[in-house]
Amino acid sequence: MHARGRARPAAAGTMKKAAASPAPTATVVLAVAALLLSWAVAAVSGQQQPKQTADNNPRLQKAYVALQALKRSITEDPKNLTTNWCGPDVCAYFGVYCTTAPDDPHSQTVAGLDLNHGDLAATFPEELGLLSDLALLHLNSNRFSGTLPESLPKLRLLHELDVSNNRLTGGFPQHILCLPNVKYVDLRFNNLCGPVPPALFDKPLDAIFLNDNHFDFELPENLGNSPASVVVLANLRLRGCIPPSVARMAGTLNELVVLNAGLRSCIPQEVGWLRELTVLDLSFNELQGMLPESLAGLHKLQQLDVAHNELWGHIPEGVCALPSLRNFTYSYNYFCTEPQRCLDIRSVDDRQNCIAGRPDQRPTDQCLAFLHRPPVHCDEHGCFGPPTHY
C-alpha cells in the first residue's frame, strides 16, 4: 500500500490524484480473503435455505433503510451503479456484499460496501450507522462531500475505511478513533484540514494514509506507538521533527513517506533503526545537517529519496552498500562527496549537489555561499536546538 505516483519509489499516488487504491498489506489481504471465503460459503448455504431479504430478515431490513438513504443522497450516478438498488433483496444490489452474521449462523447480513471509482456525487447519510455488521467500506474515487456521518462509530466491526479521492471537508473525522476494529484508514486526496489527533497513532492500524489534505500539525511524540506497516504523511503541513519514538516501529514499519510536508529538522539517527523499512521518502522538505550513518542499518531498504532538501557533507558508504537498495535519489542538496559505489546502484540521482567531478552540479559560488552559512545545531534526536556559543 503505497502512496505515490512518481517514477521514483513505487508507492502509489501522492504527487498526483491517482484513482487506484493501494495494494493491500498481508494483514489486509488475509482479512479480505477470509471475508470472501465467508461470502462463498454463505452463497452455497443460501441455496439450501429460503432467500433472505429485507422482508424476512431484520438485519437486512436495517441495511435496506441505510442503503436507500444513501441512494437518496446521491445527486449524480454517471455509471448507474445504484440503478438496481430497488426492492428488498439488498444482497443483490451492485457493490453490496452479504455474508453470515458474526453472531448468528442462520442470518445473512451486509458485510461489505464497495463503490470505488464510481464518480458518485453524494453526501453521507446518518442512516449509514444502521450497517452495524459492515467490515469493508470502500468509497474511493467518488465525489462525496461534507463530512463522515456522526453515526460512524456504530460500525463496530469495520475493518477497512477507504474514502480517499473525494471532496470531504472539515477537520479530522474524530469518530474514526471510536472504531474498535479498524485496521486500514485511507483519507488521502480530500480537503480535510486542521490538526490530526495524536490518539490516531495509538490505534492498532496497519496502514495510515493522510496525504494530500490540508492537515496542519506537529508530529506527536507517540508516533512510534503505531504498529502500522505503512505511514504516508506527504503533501501536508507538518511542524517539528520526526520524534525519537519512531524507533519503536522497527519491527513493523515497511514504508515511511513524508515528502513535501514542511519538515524542518535534521534526520534523526533513530530512522536508521527501522530494520523492516523498504521505502523511505523524505524529499521536498527543509531537512538540514548530514545523512546519518545509522541509515546503513536499513538492510531491507529498496528505495531512498532525500532529494530537494538542504543536506550536506558526505554520503555514508554504508548507505550505498545496502544489499537491497535499487533507487537512491539525493539530488538538489549540498553533498560534497559520494563513494564510488553509490554510482553502481541501479538508479541513482546525484544532480545539483556540490560533488567535484560530477556532471550537472550546483555553481561553485552557490556551494561556497551555503558552506559559509551559520551551522545548524540539532539535538541527539535530530530536532533543531539552540545554537552553540563558543
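Residues numbered from 1 in each chain as written. Predicted model: local features only at pLDDT ≥ 70, side-chain atom pairs only at ≥ 80, totals over all residues. Heavy atoms only, no water.

Structural notes on helix 2 (residues 58-73)
Right, on to step 1. Compared with the 22 Å implied by 1.5 Å per residue over 16 residues, the 23 Å span of helix 2 between its first and last C-alpha is a close match.
Right, on to step 2. Looking at the buried residues of helix 2, the elements they touch are strand 1 (96-101), strand 2 (104-114), strand 3 (121-122) and strand 5 (143-146).
Right, on to step 3. Here helix 2 starts with a cap whose side-chain oxygen sits 2.8 Å from the backbone nitrogen of Arg59, and that cap is Asn57. (Helix = DSSP H or I, 4+ residues; strand = E, 2+ residues; numbered from the N terminus. Expected span 1.5 Å × (residues − 1). Contact = heavy atoms within 4.5 Å. Polar contact = N/O pair within 3.5 Å; in protein donor to acceptor, adjacent residues only side chain to side chain.)

Quick look at the sheet that holds strand 15 (residues 279-281)
Right, on to step 1. An order of 1-2-4-6-8-10-12-14-15-17-19-21 is seen for the 12 strands of this open sheet, with the pairing classed as mixed. The open sheet has two edge strands, strand 1 and strand 21 (347-349), and neither has a second partner. Here the average twist between neighbouring strands, direction ignored, is 10 degrees.
Right, on to step 2. Across three bridges, the pairing between strand 17 (residues 303-305) and strand 19 (residues 327-329) is parallel. For Leu304, the partnering residue across the bridge sits in strand 19 and is Phe328.
Right, on to step 3. On top of the sheet, helix 2 reaches strand 1 and strand 2; it is set at about 15 degrees to strand 2, its chief contact. (Pairing = 2+ DSSP bridges. Axes fitted to C-alpha atoms, helices over the stretch in contact; angles between N-to-C directions.)

Structural notes on the state of the cysteines
Right, on to step 1. Within this structure, the stated rule accounts for four disulfides.
Right, on to step 2. Note that Cys91 is cross-linked by a disulfide to Cys98, the S-S spacing being 2.0 Å. With the S-S bond torsion at -95 degrees, the cross-link from Cys91 to Cys98 turns out left-handed.
Right, on to step 3. Cys98 sits in the buried class, given a relative accessible area of 11%. (Disulfide = S-S within 2.5 Å. Buried < 20%, exposed > 50% of the residue type's maximum accessible area, 1.4 Å probe, protein only.)

Comments concerning empty space enclosed by the protein
Right, on to step 1. All told, the structure shown has three cavities of 30 Å³ or more when counted by the stated rule.
Right, on to step 2. Counted as a void, the largest cavity has a volume near 40 Å³.
Right, on to step 3. Every residue along the wall of the largest cavity is listed here: Arg59, Ala63, Thr109, Val110, Leu130, Leu131, Ser132 and Asp133.
Right, on to step 4. Where the lining of the largest cavity is concerned, the elements lending two or more residues are helix 2 and strand 2.
Right, on to step 5. Its residues placed into classes, the lining of the largest cavity shows four nonpolar, two polar and two charged. (1 Å grid on protein atoms, 1.4 Å probe; cavity = no way out; pocket = protein on both sides within 12 Å on 5 of 7 lines; lining within 4 Å. Points joined across faces, edges and corners; volume = space filled by probe spheres on them. Nonpolar A, V, L, I, M, F, W, Y, C, P; charged D, E, K, R; others polar.)

Quick word on unusual backbone geometry
Right, on to step 1. The backbone of Ser141 sits at a positive phi, close to 60 degrees, despite the residue not being glycine.
Right, on to step 2. Tracing the chain through its elements places Ser141 in the loop between strand 4 (136-138) and strand 5.
Right, on to step 3. Its relative accessible area of 10% is what places Ser141 among the buried residues.
Right, on to step 4. Here Phe284, not a glycine, exhibits a phi torsion of approximately 55 degrees, which is positive.
Right, on to step 5. Mapped onto the elements of the fold, Phe284 is located in the loop between strand 15 and strand 16 (288-289).
Right, on to step 6. Assessed through its relative accessible area of 30%, Phe284 is described here as partly exposed.

So, a nonpolar patch on the surface
Right, on to step 1. On the surface, a cluster of nonpolar side chains totalling about 270 Å² of accessible area is made up of Met290, Trp312 and Leu371.
Right, on to step 2. Turning to its location among the elements, Leu371 is positioned in helix 4 (residues 364-371). (Patch = residues over 30% accessible without salt bridge, like charges linked within 9 Å, V, L, I, M, F, W, Y side chains within 5 Å. Areas by Shrake-Rupley, 256 points an atom, 1.4 Å probe, with all protein chains shown as cover. Salt bridge = Lys/Arg side-chain N within 4 Å of Asp/Glu carboxyl O.)

Some details on the pairing of strand 1
Right, on to step 1. Taken together, the six bridges between strand 1 and strand 2 define a ladder with antiparallel strand orientation. The residue bridging Val96 from the neighbouring strand is Leu113, located in strand 2.

Looking at the pattern of salt bridges
Right, on to step 1. The full count for this structure, using the stated rule, is 14 salt bridges.
Right, on to step 2. A salt bridge links Asp133 to Arg59; its shortest N-O distance comes to 2.8 Å. Taken as a pair, Asp133 in the loop between strand 3 and strand 4 and Arg59 in helix 2 lie far apart in primary sequence, 74 residues in all.
Right, on to step 3. Assessed through its relative accessible area of 12%, Asp133 is described here as buried.
Right, on to step 4. Its salt-bridge partner being Asp349, residue Arg351 comes within 2.8 Å of it at the nearest N-O pair.
Right, on to step 5. Asp349 sits in the buried class, given a relative accessible area of 18%.
Right, on to step 6. Residues joined by salt bridges that share partners form a network here, namely Arg59, Asp103 and Asp133.

Here's the deal with the layout of surface pockets
Right, on to step 1. The computed volume of the largest pocket comes to approximately 460 Å³.
Right, on to step 2. Taken together, 21 residues make up the lining of the largest pocket; nearest its centre are Gln288, Gly289, Met290, Trp312 and Val376.
Right, on to step 3. Going through the elements one at a time, strand 16 and helix 4 are the ones with two or more residues in the lining of the largest pocket.
Right, on to step 4. Considering only residue class, the lining of the largest pocket consists of 12 nonpolar, six polar and three charged.

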